[in-house]
Amino acid sequence: MASSVPYDPYDDMDNNPFAEPEEHPPLPQVPDNIVNHEPGQDAFASWNSDKENSVDNDHEHGNPTPRAASAEEPAETPAESDEQDPIALEELLPERKNTKYTLFVQVTGIERAGSLTNKKENPTVKFDCTTNLPTFRKPKHKKLKKTYNEFYKLFKYLNAAIPETFVPALPSPSTSYGINNEEDAIKTAANFQVWFNRITSDPLIIRSDELAIFIESDFNTYTPLKKATSITGIRRKTLKQLTPPYDENLTLAEFRPLIKSLYLSTQDIKAKLLKMSTIRRQLSQEVNQFGQAFQPLSIDSSDLYHKFGRVITAIGDVDSIVANLDMATLYDPLEGIERDSYIIKEALTNRHFIMRELLQAQQLSKQRQENARKLRAKRDINPLKVDDSIRQLKEATKNEHELTLKLKRITANMLIERQRWLTYFEEALSQAIREFVLRKIEYDRKKLSLLERIRITVRTADGKGGLSRLGRSSLPTISTLSSSQSNSGDSWTGDKTRTPHLVGSVVTTEFDNVALPKSQNPNQSSLPQGGAQTSRRSTFSESAGILARQAATLLGDGTF
C-alpha cells in the first residue's frame, strides 16, 4: 500500500512511492516496512529491540542525542570536551581552520559636521579597506565614509546574527576631552581603529555578508538587508528569571558570574570617578577665587601676595584640567569595558536559552518515541497514524540534532573568545591606568614647578631668611637653595629625568603667563635666584614648554 501522505519532491525520498529503495536508512533509522507497510501486517513487528533498549539507556543516562548511533557516526559521551578534540573543533568551526581570508581596515580621520548634537553623537569615520574575501566586489576600497548611525546598525545586526562570538562593543562617538578639542578627534579615531582590529580578527564576523554590504554601500545609505531575530522584551526578562540549566562546561559556567561581577564593579567605579571629578571641578573654582582674593592685599606686582595669588589661581586651572583628564583617561576606557562585559553577559544568557531549547527538544523526542512504542503495541494499526508518528519523530530528532550541533559550536567558539577577551581586557585596563597615572604625575609636577616660582620670594620675606623664625636654625642659606625640578633630575624621587626647558633652574609650564605678571614672565624677564638682590635672566621661545605628547616619555624614564 502506498503512503497516504501526498508526494512532496522536496521531502524525504521515503515519501515517494516511485522511488528506488535506498541502501541507507532515514534519519531516525526506522525500518522501511514501517514507512511503506502492507495492510494486515504488524507495522512495528521488525522494530529492533536492541535499538529500543539502547535508546532507553541513552535517556536514562542523560545523553543529549537520543537517536541510535550508526556505523558512520560514532557515539560520543557528554563528558567529551570539544576544545580538547582538534578534529571535532575543525568540524564545528571550519572558519577558524581556513585562515586564508583577511580584512585590513585603516582609520584615517574623524569628521564632525552639522548641528552641535549631530557633531557630538553622529560623527563621520573615514577609513580605507583591503581584503581578499570573495564577498567583496573588489580588493581595495579607499576614502570610505560611514556615519556613527551606520556603525550602530551594523553592530546591532552582528550582535543578533552571530550568537557564537562576542561582538566588540561600539566605541563612544565622542570622548571627555570635548568635541572642539584636537585630542578628541585623535582619541576617537584610535578607538575606532581598535574596534576595527577586533572585528577583523574574528573569522566568523569577517565572513558575514552584511559586513561587505556595509563597507561597499554609499555614504549614509546602509541598512541591513537581513533581519536577525533574538529573544527580547518581556519574554527575555521572564526567561532570565528562571534558573539557568545545568552547564557541563565549567569554564563558561564560571565565566558568566565573573563577567556580571565585572560589569557591576565597573559601573560602581564609574559613578565614584564621576562624582570625584565633579567635586574636583568645583574645588578648582574655589581655588581660583581663593587666589584672586590675595590681589587686593598686594602693593605692586612684585609683592609676595600678588605672586602668591597668581600662582594659586594657576594651580586652580591645573586642578580643572586634571579633573577633565581623569574622565578622559580612565572613565572612557571603563565605559568601553562596561559595554563589552554587558554584551558578553547577554551572549552567555543566549547560550542558556539554547540549552533550555535543547532540553525541551530532547523531552519532545522522547515523548514521540514513547507514542511510537504505544502505537506499536496496538493490534490494529492505522497507516495514517503510522506515517504521522514517523514524520513527527523524524522532525523532533532532526531539531534535536541541529540544536545539539549549534550548542557545541557556540560553546567551542566562546571558549576561544573568552581567552581573547580576557587578554584584551588586561591590556586595555593596564593602558588606561598607565595613561591616568602618567597624566597625574605630569600635572602634579607642573603644580610643583609653579610653586617653585614663589619659593625664593617666600623665603626672603624678611631679612632673617623667612622660615628662620620658626626655630629652624639648621636651614641652609638661601644661596644654596636649588629647584627640585632641575637638569640633575627630580630631587623628590631621585630620578635623573631630563628636563631641558628651564628658566632659572625651574621647569617651565604653559601656566607661567597666568602665574607670573608680565614683568616676571619667563618669556621676557627673569626669576630671582640666590637672594632678593640677585637674579638670572634667560629668554626662550614660547614653544619651549613641555608638550603634552612628550610628557609620557619625559616622565616615564625613571618610574615606568
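Keep in mind it's a predicted model, so treat the numbers as computed, not measured.

(A) Quick peek at the overall build of the protein chain. A tally of helices and strands in the protein chain yields 16 helices and 9 strands. Across the 560 residues in the protein chain, those meeting the buried criterion constitute 43%. As presented, the protein chain carries roughly 31300 Å² of accessible surface, and 53% of it is formed by carbon and sulfur atoms.

(B) Representation of the nonpolar core in the model. Core analysis: the biggest nonpolar cluster contains 34 residues, and Leu103, Phe127, Phe151 and Phe192 have the highest contact counts within it. Elements represented by at least two residues in this core include exactly strand E1 (103-111), strand E2 (124-131), helix H6 (148-161), helix H7 (182-200), helix H8 (203-206) and helix H9 (209-216). Looking at this core, the element that brings in the most residues is H6, giving 6 residues. Core analysis: the next-biggest nonpolar cluster, separate from the first, contains 21 residues, Leu348, Ile354, Met414 and Leu415 among them.

(C) Geometry of the packing of aromatic side chains. Following the criterion strictly, the structure yields 14 aromatic pairs and no others. Ring centres 5.1 Å apart and planes at 45° place the aromatic pair Phe127 and Phe196 in the tilted group. Residue Phe127 is located in strand E2, and its partner Phe196 is located in helix H7; the two are separated by 69 residues in the primary sequence. The exposure class of Phe127 is buried, given its relative accessible area of 0%. Taken together through their ring pairs, the aromatic side chains of Phe127, Tyr148, Phe151, Phe192, Trp195, Phe196, Phe214 and Tyr222 make up a single cluster. Above the ring of Phe214, the side-chain terminus of Lys146 is found at 5.5 Å from the ring centroid. Across from the ring centre of Tyr424, 3.8 Å away, lies the NZ or CZ of Arg198, which sits over that ring.

(D) Fine view of the packing of helix H10 (residues 233-241) against helix H12 (residues 304-377). Viewed as axis vectors pointing N to C, H10 and H12 meet at an angle of 80°, and their least axial separation amounts to 11 Å. One element, H10, and the other, H12, form an angle in the roughly perpendicular class. Mapping the contact onto sequence places Arg236, Leu239 and Lys240 in H10 and Lys345, Glu346, Thr349, Asn350, Phe353 and Arg356 in H12. Along the lines of polarity and charge, the residues of the contact of H10 with H12 split into 2 nonpolar, 2 polar and 5 charged.

(E) Quick peek at the confidence of the model for the protein chain. For the protein chain, per-residue confidence averages 75 on the pLDDT scale, and residues scoring 70 or more make up 66% of the total. By mean pLDDT, the top-scoring element of the protein chain is E2 (95), and the lowest-scoring one is strand E9 (residues 535-537) (32). Ignoring residues within four places in sequence, the model shows residues 1-84, a span with pLDDT below 50, making 108 contacts including any to other chains. Contacts for the low-pLDDT stretch residues 498-505, under 50 throughout, to residues beyond four places or in other chains number 28 contacts.

(F) Quick look at H9. Judged by how many residues are buried, H9 sits mostly within the fold: 6 of 8 residues are covered. Among all positions of H9, only Glu210, Leu211, Ala212, Phe214, Ile215 and Glu216 are buried. Buried positions along H9 lie against E1, E2, strand E3 (140-147), H6 and H8.

(G) Representation of the pattern of salt bridges within the structure. Applying the stated criterion across every chain yields a total of 24 salt bridges. Of the charged contacts, one joins Lys240 and Glu346 as a salt bridge, the two residues approaching to 3.1 Å between their closest N and O atoms. On the criterion of sequence distance, the pair formed by Lys240 in helix H10 and Glu346 in helix H12 is long-range, its members being 106 residues apart. A relative accessible area of 9% means that Glu346 is categorised as buried. In this structure, Arg339 and Glu335 form a salt bridge, with 3.4 Å as the shortest nitrogen-oxygen distance. Taken together, the residues Arg339 and Glu335, both in helix H12 and 4 residues apart, mark about one turn of the helix.

(H) Main features of the environment of Asn382. Note on placement: Asn382 falls in the loop between H12 and helix H13 (383-452). In terms of polar contacts, Asn382 uses its side chain to reach the backbone amide nitrogen of Leu384, at 3.1 Å.

(I) Spatial organisation of the side chain of Thr124. With respect to the helices and strands, the residue Thr124 is situated in strand E2. Of the residues examined, Thr124 reaches a relative accessible area of 11% and is grouped as buried. Apart from the residues lying within four places of it in its own chain, the contact partners of Thr124 are Gly109, Ile110, Glu111, Lys145, Lys146, Thr147 and Phe219.

(J) Quick peek at the environment of Leu393. The topology assignment puts Leu393 in helix H13. Note: C-alpha distance between Leu393 and Gln369 (24 residues apart in sequence) is 6.7 Å.

(K) Structural context of the sheet that holds E2. Read across the open sheet, the 3 strands follow the order E1-E2-E3; overall the sheet is antiparallel. Strands with a single pairing partner mark the edges of an open sheet, and in this sheet they are E1 and E3. The average angle at which neighbouring strand axes cross in this sheet is 25°, direction not considered. Across 6 bridges, E2 lies against E3 in antiparallel orientation. Bridging from a neighbouring strand, Val125 pairs with Lys146 of E3. Against the sheet, H6 makes contact with E2 and E3, and its axis sits at roughly 100° relative to E3, the strand it touches most. Docked against the sheet, H7 engages E1 and E2, running at close to 160° with respect to E1.

Rules used throughout
- Residues numbered from 1 in each chain as written.
- Predicted model: local features only at pLDDT ≥ 70, side-chain atom pairs only at ≥ 80, totals over all residues.
- Heavy atoms only, no water.
- Helix = DSSP H or I, 4+ residues; strand = E, 2+ residues; numbered from the N terminus.
- Buried < 20%, exposed > 50% of the residue type's maximum accessible area, 1.4 Å probe, protein only.
- Areas by Shrake-Rupley, 256 points an atom, 1.4 Å probe, with all protein chains shown as cover.
- Core = buried A, V, L, I, M, F, W, Y, C linked by side-chain atoms within 4.5 Å.
- Phe/Tyr/Trp six-rings, centres within 6.5 Å; stacked < 30°, edge-to-face > 60°.
- Lys NZ or Arg CZ within 6 Å of the ring centre and 35° of its normal.
- Axes fitted to C-alpha atoms, helices over the stretch in contact; angles between N-to-C directions.
- Parallel < 35°, antiparallel > 145°, perpendicular 65-115°, else oblique.
- Contact = heavy atoms within 4.5 Å.
- Nonpolar A, V, L, I, M, F, W, Y, C, P; charged D, E, K, R; others polar.
- pLDDT = per-residue confidence, 0-100.
- Salt bridge = Lys/Arg side-chain N within 4 Å of Asp/Glu carboxyl O.
- Polar contact = N/O pair within 3.5 Å; in protein donor to acceptor, adjacent residues only side chain to side chain.
- Pairing = 2+ DSSP bridges.

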